Protein chains: 2
Amino acid sequence: MAVRFCNYFHPSLSSFSSSKPYSLTSASPSLPLRASRLSRPRISASSTSSPIMEFPYVSPPHRDLMVDLLSTVETRLDSQLLPSTLPPDVQSFQNQSGTAHGSFHIRSGHDSSPIDFILGSWLHCELPTGGALNITSLSSYLNSSTDAPNFLIELIQSSSTSLILILDLPPRKDLALHPDYLRTFYEDTKLDAPRQTLEIIPEVKPYFSSSLYIRSVVSPTAITVRIEGDAGDSGRLEEIIKQHLDPIAKQVLGIWLDQCASGKREVGESERAGLENRDKLIKSKTIEIDLGSNFPRLFGREIADRVLGTIQEIFSK
Amino acid sequence: MAVRFCNYFHPSLSSFSSSKPYSLTSASPSLPLRASRLSRPRISASSTSSPIMEFPYVSPPHRDLMVDLLSTVETRLDSQLLPSTLPPDVQSFQNQSGTAHGSFHIRSGHDSSPIDFILGSWLHCELPTGGALNITSLSSYLNSSTDAPNFLIELIQSSSTSLILILDLPPRKDLALHPDYLRTFYEDTKLDAPRQTLEIIPEVKPYFSSSLYIRSVVSPTAITVRIEGDAGDSGRLEEIIKQHLDPIAKQVLGIWLDQCASGKREVGESERAGLENRDKLIKSKTIEIDLGSNFPRLFGREIADRVLGTIQEIFSK
């Protein structure tokens, strides 16, 4: 789920190998695309000496949101998280020509914690016709000691006026078969309210992933929207991020931290096996869909194998 | 699933018991609301002597679509269907004041058939502030000799310019856990194409059921849309029904008839039990959500008990 971002820019990526003109406008002039090309992502030490990821390239409200969310998760779950063990060349990597740049940040949970791992990522790639694609994501996975939903946010920005937002607590059970689960995590928590708040903004349109599998693994309260500002007016998109996406994302993360990451759930032995099976399949399928075909194209076979191999290893534990 | 219509007009129904003014415009003058109020639904004999339901009150394109769909299903599945055994007072019923009128048409499948039953229904109720609500639906349920998806269409018309459409092949398995099933019935059949065709029409907007459970049981290719024509221009809605909904609904029904109702599937004994359990739960929950609270309010306790009791009995077989 976490690194499903490439799915959302399939159409963009396909432009790399086709002769179709790419119609994106230039990225915001405030984003130092070329200047940052060869620099490593800025990773600073947090108060607990664990690395805090930053999210370069994107606009200040977009970056602030992601930094705040990751910082909230790391602060709140700090005692449950192990230090990052990702090799430096998976924490940050780029293609030979320096037009694509990516970064992962993963921290696993202690054995005694319900946290499986948290995963932050960003990807930046210049588009052949100008402008850039920036994808930032944060997800938190729970292990099979609980059946509570995971957390996922992903922002896919293909220009300074266009953004796709995926924000969800993806369920870990078949909701049709578990109405009590639906009530506990989605109805009683009023998780549909943030979605309703967002949908009345005129620039907000529904977004459908091109992958039916990805659509199948989100919850009925998932926010999957495309926000389209007027061409040339990047200010409006930044305003929407700041005034609407920011509080809504923090509200959903708060629900996840309070109701999912902290709550006690009874999970029997056979149910646990079922959960592990379902979790593993979803993680494996989403890597395959999102990264499998796009990563080699963006970064070359060697880097793709190294990065995906490491992610897959963590996902299949 | 089939009789989930009341869910979609929760907001409308709530106006019956609140002092909030109801803002719907009058129904199309071509619909003889009062004249038909006390008449029984027109049920005529088909070529095979089974009753064919008609759909009174609604506009000609809406009625033609529903009659065509039901007729197609009955003709195609004829040899597999038993005659209707519904008591006349469940086939057609109305409240004491004659302001609400409903009709069900159910035919079960032969024991040797994969068809569990087909269900057509319509509901008409006058709104306290003028106009009327008309809901028509057709669904086809398969039994546990196959795990193929069911079929569902529902049109909810709250004025001559406003319509909600639900069109889907609701899955009978957890799609996150069964990507092969998703590929067979949703990807290989290109079921997302009709949804994409419809979403580009300017009057078509996404529709979210107020029930999260209902949202959880539909497929990722489900068409759940609200079509809003300009007030006073009922011609445009009729045109959209005729030119767009009609061919799309027939295309989706065709996929269901060819790929789901006719295909052979291997279903093992334990899987069969799981399917029955899931099917039963979904049917029971959707009756509870859709009809449980609204039917008594619309038709009075006695009629509601009779009608719902009969439907529940068929659903739990």
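The name recorded for chain A in an unreviewed UniProt entry is Red chlorophyll catabolite reductase, chloroplastic, from Ziziphus jujuba.

A.B. asks: Could you give an account of the overall build of chain A, with specific residues and numbers?
C.D. replies: Each helix and strand in chain A was counted, giving 12 helices and 10 strands. Burial analysis of chain A (317 residues in total) assigns 60% to the buried set. Restricting the contact set of chain A to residue pairs at least 6 apart, pairs at least 24 apart contribute 69%.

A.B. asks: Describe the environment of B:Ser284, naming the residues involved and giving the relevant values.
C.D. replies: All names here are of chain B. On the secondary structure map, serine 284 appears in helix 10 (residues 269-292). For serine 284, a relative accessible area of 41% corresponds to the partly exposed category. Separated by 138 residues in sequence, serine 284 and threonine 146 place their C-alpha atoms 20 Å apart.

A.B. asks: Summarise the pattern of salt bridges; cite the residues concerned and give the values.
C.D. replies: Residues and elements named next belong to chain B. Going through the model one piece at a time under the given rule, you end up with 42 salt bridges over all chains. Among the ionic pairs, glutamate 199 bridges to arginine 195, the shortest N-O distance being 3.2 Å. Of this pair, glutamate 199 and arginine 195 both sit in helix 7 (residues 192-199), separated by four residues, roughly a single helical turn. Residue class for glutamate 199 comes out partly exposed when judged on its relative accessible area of 39%. Exposure remark for arginine 195: the relative accessible area of 6% places this residue in the buried category.

A.B. asks: I'd like a description of the interface of chain A and chain B, backed by residues and values.
C.D. replies: Opposite the 25 residues of chain A that make contact, chain B presents 25 residues. Overall, the association of chain A and chain B removes approximately 2200 Å² of surface from exposure, summing both partners, and the carbon and sulfur fraction of that is 66%. In this assembly, chain A and chain B are joined by four salt bridges. A salt bridge links A:Asp192 to B:Arg215; the nearest nitrogen and oxygen atoms lie 2.7 Å apart. At the junction of chain A and chain B, the tally comes to eight residue pairs in polar contact (both at pLDDT 80 or more). For the side of chain A that touches chain B, the secondary structure elements donating two or more residues are helix 6 (179-187), helix 7 (192-199), helix 8 (212-217) and helix 10 (269-292) of chain A. Residue classes in the side of chain A that touches chain B are distributed as 14 nonpolar, three polar and eight charged.

A.B. asks: Before we move on, could you go through the sheet that holds strand 4 (residues 100-108) of chain B and cite the residues and values that matter?
C.D. replies: Residue and element names in this part refer to chain B. The antiparallel open sheet is built from eight strands, whose spatial order is 3-4-5-6-7-8-10-9. At either end of the open sheet lies a strand with only one pairing partner, and these are strand 3 (93-94) and strand 9 (204-206). Against the sheet, helix 4 (residues 60-77) contacts strand 4, strand 5 (115-126), strand 6 (132-142), strand 7 (151-159) and strand 8 (162-168), and its axis sits at roughly 20° relative to strand 6.

A.B. asks: Provide a residue-level description of the relation of the copies chain A and chain B, including the pertinent values.
C.D. replies: Placing chain A over chain B gives an RMSD of 0.0 Å and needs a rotation angle of 180°, together with 0.0 Å of translation along the axis. Seen this way, the second copy is the image of the first under a two-fold rotation axis. Distance from the rotation axis, computed per C-alpha, reaches its smallest value in chain A at A:Asp174: 2.8 Å. Most of the interface of chain A is mirrored in chain B, where 100% of its interface residues again form contacts.

A.B. asks: Tell me about the packing of helix 4 of chain B against helix 9 (residues 234-260) of chain B, and name the residues and values.
C.D. replies: All names here are of chain B. One can describe the packing of helix 4 onto helix 9 by two numbers: an axis separation of 9 Å at closest approach and a directional angle of 15°. Relative to helix 9, the element helix 4 is oriented roughly parallel. Considering the relative orientation of helix 4 and helix 9, their crossing is right-handed. Residue-level contacts link Pro61, His62, Leu65, Asp68, Leu69, Thr72, Val73, Arg76 and Leu77 of helix 4 to Glu238, Ile241, Lys242, Leu245, Asp246, Ala249, Lys250, Leu253, Trp256, Leu257 and Asp258 of helix 9. Partitioning the contact of helix 4 with helix 9 into residue classes produces 11 nonpolar, two polar and seven charged.

A.B. asks: Quick rundown of helix 12 (residues 301-315) of chain B? Include the residues and the values.
C.D. replies: Residue and element names in this part refer to chain B. Taking 1.5 Å of rise per residue, 15 residues should cover 21 Å, and helix 12 covers 20 Å from first to last C-alpha, within 8% of that figure. Listing the buried residues of helix 12 in full gives Ile303, Ala304, Val307, Leu308, Thr310, Ile311, Ile314 and Phe315. Projected down its long axis, helix 12 carries its buried residues within an arc of 155°, all on one side. In helix 12, the exposed residues that point more than 90 degrees away from the buried face are Arg301, Glu302 and Glu313.

A.B. asks: Can you tell me about the confidence of the model for chain A, naming the residues and giving the values?
C.D. replies: Residue and element names in this part refer to chain A. For chain A, per-residue confidence averages 84 on the pLDDT scale, and 84% of positions sit at 70 or higher. Of all the helices and strands in chain A, helix 3 (residues 33-36) carries the lowest mean pLDDT, 32, while helix 6 carries the highest, 98. In this model, residues 1-51 is a region of pLDDT below 50 whose contacts with residues beyond four sequence positions or in other chains number 140 contacts. Model confidence for the complex: the whole-complex pTM is 0.86, and ipTM, which rates the interface, is 0.85.

A.B. asks: Can you break down the sheet that holds strand 10 (residues 223-228) of chain A residue by residue, with the values?
C.D. replies: Residues and elements named next belong to chain A. With respect to topology, eight strands assemble into an open sheet ordered 3-4-5-6-7-8-10-9, the strand pairing being antiparallel. On the outer flanks of this sheet lie strand 3 (93-94) and strand 9 (204-206), each paired with one strand and no other. One ladder, built from 11 bridges, connects strand 5 (residues 115-126) with strand 6 (residues 132-142); its direction is antiparallel. Bridge pairing in strand 6 places glutamate 126 opposite alanine 132. Of the strands in this sheet, strand 4 (100-108), strand 5, strand 6, strand 7 (151-159) and strand 8 (162-168) touch helix 4 (residues 60-77), which is tilted by about 20° from strand 6.

A.B. asks: Residue-level account of unusual backbone geometry, with values.
C.D. replies: Trans peptide bonds make up most of the peptide bonds, and negative phi angles are found at most residues other than glycine. Residue and element names in this part refer to chain B. Positive phi outside glycine occurs at tyrosine 57, with the angle close to 75°. Counting through the fold element by element, tyrosine 57 comes out in the loop between strand 2 (51-53) and helix 4. Residue classification places tyrosine 57 among the buried residues on the basis of a relative accessible area of 4%. Of note, the phi angle at lysine 190 is positive, near 55°, even though the residue is not glycine. Its location among the elements puts lysine 190 in the loop between helix 6 (179-187) and helix 7.

A.B. asks: Go over the nonpolar core with me, naming the residues and quoting the values.
C.D. replies: Among the nonpolar cores identified, the biggest contains 56 residues, and B:Ile153 and B:Trp256 are the most heavily contacted of them. Among the elements that make up this core, the one with the highest residue count is helix 9 of chain B (12 residues). Excluding residues within four positions of it along the chain, B:Ile153 makes contact with B:Met66, B:Leu69, B:Thr136, B:Ser137, B:Leu138, B:Leu165, B:Ile166, B:Leu167 and B:Ala249. Residues A:Leu70, A:Leu182, A:Phe185 and A:Ala261 belong to the second largest nonpolar core, which totals 55 residues.

A.B. asks: Explain the side chain of B:Ser113 residue by residue, including any values.
C.D. replies: Along the polypeptide, B:Ser113 turns up in the loop between strand 4 and strand 5. Excluding residues within four positions of it along the chain, B:Ser113 makes contact with B:Gln80 and B:Asn143.

A.B. asks: A description of helix 6 of chain A should follow, citing residues and the corresponding values.
C.D. replies: Along helix 6 of chain A, the residues that are buried comprise A:Pro179, A:Tyr181, A:Leu182, A:Phe185 and A:Tyr186. Here the buried residues of helix 6 of chain A occupy an arc of 145° about the axis, which is enough to place them on one side. Buried residues belonging to helix 6 of chain A abut helix 7 and helix 9 (234-261) of chain A together with helix 8 (212-217) and helix 10 of chain B.

Conventions adopted
Residues numbered from 1 in each chain as written. Chains lettered and ligands numbered in written order. Predicted model: local features only at pLDDT ≥ 70, side-chain atom pairs only at ≥ 80, totals over all residues. Heavy atoms only, no water. Helix = DSSP H or I, 4+ residues; strand = E, 2+ residues; numbered from the N terminus. Buried < 20%, exposed > 50% of the residue type's maximum accessible area, 1.4 Å probe, protein only. Contact = heavy atoms within 4.5 Å. Salt bridge = Lys/Arg side-chain N within 4 Å of Asp/Glu carboxyl O. Buried area = accessible area lost by both parts, 1.4 Å probe. Polar contact = N/O pair within 3.5 Å; in protein donor to acceptor, adjacent residues only side chain to side chain. Nonpolar A, V, L, I, M, F, W, Y, C, P; charged D, E, K, R; others polar. Pairing = 2+ DSSP bridges. Axes fitted to C-alpha atoms, helices over the stretch in contact; angles between N-to-C directions. Least-squares fit on C-alpha atoms with pLDDT ≥ 70 in both. Parallel < 35°, antiparallel > 145°, perpendicular 65-115°, else oblique. Left-handed = near helix turned anticlockwise from the far one by under 90°. Expected span 1.5 Å × (residues − 1). Arc of directions from axis to C-beta. pLDDT = per-residue confidence, 0-100. Core = buried A, V, L, I, M, F, W, Y, C linked by side-chain atoms within 4.5 Å.

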